[in-house]
Amino acid sequence: MVVTRRIKPLRYGGILIPLLSLVIGIVISQLILFAVGVPPEMFYSTLVGGFVAPQMLRIFIMLTIIGAALVFSFTGSIWNIGAEGQIVWGMVFSAYIGVFVAAHSIKVPLNELSKYASMPGAQILDSTYGVVSILTWNPFIAGLVMVLVAALAGGIWASIAGALRAYLNIDEVASTLLLNYIAYYSLNQLVTGPMRGISVQAAQFGRTDALNNALTFPRLPIPGTTVTSVGVATAIIVFVIVWFILKYTSLGLRLKILGTNPKVLLASGVNTKKYILLALTISGILAGTVGAILFAGDYFFLGKIDNIVSPPTENMGYTAILVAWLAMLDIRAVPISAYIFASLMQAGNTLQLNLASVMGSHIIISGAAIKFTLIGMVLLTFSVLRVLTEYNVRFIKGGKR
Amino acid sequence: MISSSILNLVLGAAPAFTAYYLAAVGHGIFEKSGVLNLAIDGVFTLGAAIAFSTAVIYPNPNLGLLASICVSALFGVFIAYLTTKFPTSHGAIGLSLMFVGYGLASLIGLPIRTQTPNAAWYPMSNTFWIELIVTALVIGILANYMLKKTKLGASIRAAGENPYAASSLGVDILKMRLIAGALGYALIGAGAALFVLAYTQSWSEGTGMGHGWVAFAVSLSAGRDPLLTLISAAIFGGLVNNSYYLAAQFYLSPHITNMLPFIAALVALVAFAATPLRRKLAPPKELGKIYFKEERTV
């Protein structure tokens, strides 16, 4: 076997390689899942179903946002693997605004509870214990602030890893991953401590009070999906921002050079530290917005993470790494890549439900296991096949290196 | 009286210490050969799941340990082969295998866990803990001797510092990295097995997840040196084992206790990078760089 450098890049390599690795990765995952008892016909039929399921749109929107955020930092060869943690902090801060600032819960005597039933802006959260959520802000402004605060929180969290990389040269892969775990447990600490709600369920299970109905993001009138208008708007804005910065600004150009040849940047007198920090911070800001979308669009309250394998981020921070990589770090391909992985994730969720109903409880396969196997296998195939775009691999009899 | 309680404190930390120490030494050996090892956490999680599952099916903790060592060593060889034989990105290969490890760990462990949550754990006795510490010390000294005093160790380090020069002097880079991968990951697998069978003594989905990164930090903050890693592993093992005691002392919640190793790992990385240690214990020069030799005419 002989590996040589290609003179010209592989023709259609930008499309061929991602597609091929997708197919091979899926087939290998299917074989692995078959070995633990998932029937192949069920696997493939669910997979096809994922591509047309309306609920896939919800994941598609969020993966587009995080994928664009990651493409931004990956362009500068800054590997932000910490989108998970950035989203978690986005959730925490948007929940703080939503549950404690823009509306807050009060405890009222049970005999006065009926007065609140028809009061505008008030919502009875818990009728047995007398907890009412009182709206104090305009919902539109509150929604805006929730997204912005989530962005800010994500940015600050990412800037920790950014500063460590820029000034101390600590590998950002390790630090962002460690920060993910710190974020998960911080969420647990906050929702069981200072952010714990006063309604019965909240006090019992260690979670925040529910978000006031008036503050939840309005859903689009598409049946079968919970995708919100705020989510769609944020996705479009984030996509345009990343596309614009990378294409038309000096920041984008410098990031590209940082990714390919940082020495050129240093030699021309550019402060590369600043750009490393900026790449991670902006990436975190963009990814953080997903926290608000998840919280005010889907969950409406923040609960404790019992199993760190399946946090409320639904592992999207990790899946988005794939979205960015399979788009070959080209922002224009991110929506396509996001669509494919949103469908796969949706299929994974459906598969888990189908398995439980068909196979009973004796074989337990978690949704996270399916997702991780799929992410890992597609990424592995892709990392190996990507060699073919720049190198030529030939099998020659007796060709030994 | 006081001396016996201190002895208990030290001995009680033996399982956590040994788990982190072995994994960290393995990580150090592998990275000395120039392969950036980002798959450590996935294989650590997988190793823990395999050790647990084996110890459920064949009620013998040693078999669990052996199974974890074998599977992990295979992963090490696989990573070394892919990153050396082909000009692939070490980071991408490592990260993808990390996810594969997470996925496989759940797939293997969960069905077994739902049937029997109890495996054949290692005993929680002073004699076993002393055995653990002695074994860890012996392995550490052997690894140190191997890396610094033998021809094999010199070749492994050469493969990490300058594979091109080493190759022209007759060192088979692929072979060295394969050996380093097998040895390193065998130790990581052993660490993972001890983590679950001797330290946590319970397995649920996600056990071990993140602790591979802690081992990563333990190794990095000691400059990948097997003997210096003794110190950092002892600090981490002690911290993790006594975190519940600390929590009770300072009224910390279990969530903070769970967070502590990760914060400590980050602090260790910073402490290493911000002090002169970083220059004294510099990483291998070609760590994580693609090894590619242009074709030569024969």
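Keep in mind that this is a model prediction, so the values were computed, not measured.

**What to know about the interface of chain B and chain A**
In step 1: Each side of the interface is counted separately: chain B has 51 residues, and chain A has 54 residues.
In step 2: Across the interface of chain B and chain A, roughly 4,700 Å² is buried in total on both sides, 76% from carbon and sulfur atoms.
In step 3: Of all residues in chain B, Phe99, Leu107 and His255 of chain B give up the largest surface area on contact with chain A, accounting jointly for 15% of the area buried on that side.
In step 4: Connecting chain B to chain A are zero salt bridges.
In step 5: Our count for the contact surface shared by chain B and chain A stands at six residue pairs in polar contact (both at pLDDT 80 or more).
In step 6: Ranked by residue count, the leading element in the side of chain B that touches chain A is helix H5 (residues 90-115) of chain B, at 17 residues.
In step 7: Its residues placed into classes, the side of chain B that touches chain A shows 32 nonpolar, 12 polar and seven charged.

**Comments concerning the sheet that holds strand S3 (residues 122-126) of chain A**
All names here are of chain A.
In step 1: What the three strands build is an open sheet, ordered S2-S4-S3; its pairing is antiparallel. Each end of this open sheet is capped by a strand with a single partner; those strands are strand S2 (103-107) and S3. In this sheet, neighbouring strand axes are inclined to one another by 30 degrees on average, regardless of whether the strands run parallel or antiparallel.
In step 2: In this structure, S3 lies alongside strand S4 (residues 131-135), joined through four bridges in antiparallel fashion. Residue pairing across strands places isoleucine 124 opposite valine 132, the latter belonging to S4.

**Some points on the packing of aromatic side chains**
In step 1: Per the counting criterion, the structure on display carries 30 aromatic pairs over all chains.
In step 2: Taking the centre distance of 6.3 Å and the plane angle of 45 degrees together, the rings of tyrosine 20 of chain B and phenylalanine 195 of chain B count as tilted. With tyrosine 20 of chain B in helix H2 (residues 14-32) and phenylalanine 195 of chain B in helix H9 (residues 173-200), this pair connects stretches of sequence that are 175 residues apart. Accessibility classification places tyrosine 20 of chain B together with phenylalanine 195 of chain B in one group, the buried group.
In step 3: Following the ring pairs from residue to residue traces out a cluster consisting of Tyr181, Tyr184 and Tyr185 of chain A together with Phe262 of chain B.
In step 4: Between lysine 107 of chain A and the ring centre of tyrosine 129 of chain A, over which it is positioned, the NZ or CZ distance is 4.6 Å.
In step 5: One Lys or Arg, arginine 207 of chain A, reaches over the ring of phenylalanine 301 of chain A and ends 3.9 Å from the middle of that ring.

Calculation notes
- All chains use their own residue numbering, which begins from 1 and follows the written sequence.
- Chains carry letters from A onward and ligands carry numbers from 1 onward, assigned in written order.
- For a predicted model such as this one, the threshold for reporting local features is a pLDDT of at least 70, and the threshold for listing and counting side-chain atom pairs is 80 or more; totals across whole chains, interfaces and linings nevertheless cover every residue.
- Only heavy atoms go into the side-chain values, all of them from the structure, while hydrogens and water stay out.
- Should any heavy atoms of two residues lie within 4.5 Å, those residues are considered in contact.
- By buried area we mean the combined loss of accessible area, with a 1.4 Å probe, across both parts when two parts are placed together.
- By convention in these notes, a salt bridge is any Lys or Arg side-chain nitrogen within 4 Å of a carboxyl oxygen on Asp or Glu.
- In protein, a polar contact requires one atom able to donate a hydrogen and another able to accept it; more generally it is a pair of N or O atoms within 3.5 Å, and residues adjacent in sequence count only if both atoms are side-chain atoms.
- Runs of E in the DSSP output that reach at least two residues are strands. Runs of H or I that reach at least four are helices, and both are numbered from the N terminus.
- For this classification, the nonpolar set comprises Ala, Val, Leu, Ile, Met, Phe, Trp, Tyr, Cys and Pro, the charged set comprises Asp, Glu, Lys and Arg, and every other residue, Gly included, is treated as polar.
- When DSSP finds at least two bridges between two strands, those strands are taken to pair.
- Helix axes use the C-alpha atoms of the stretch in contact, all axes being lines fitted to C-alpha atoms, and the angles between their N-to-C directions lie in the range 0 to 180 degrees.
- Note on aromatic pairs: the rings of Phe, Tyr and Trp (six-membered ring only in Trp) are paired at centre separations within 6.5 Å, and the planes decide the class, stacked below 30 degrees, edge-to-face beyond 60, tilted for the rest.
- Exposed residues in this analysis have more than 50% of their type's maximum accessible area, buried residues have under 20%, and partly exposed residues fall in between, with area computed by a 1.4 Å probe over protein chains only.
- Lysine and arginine charges are scored as sitting over a ring when NZ or CZ, respectively, is within 6 Å of the ring centre and within 35 degrees of the ring normal.

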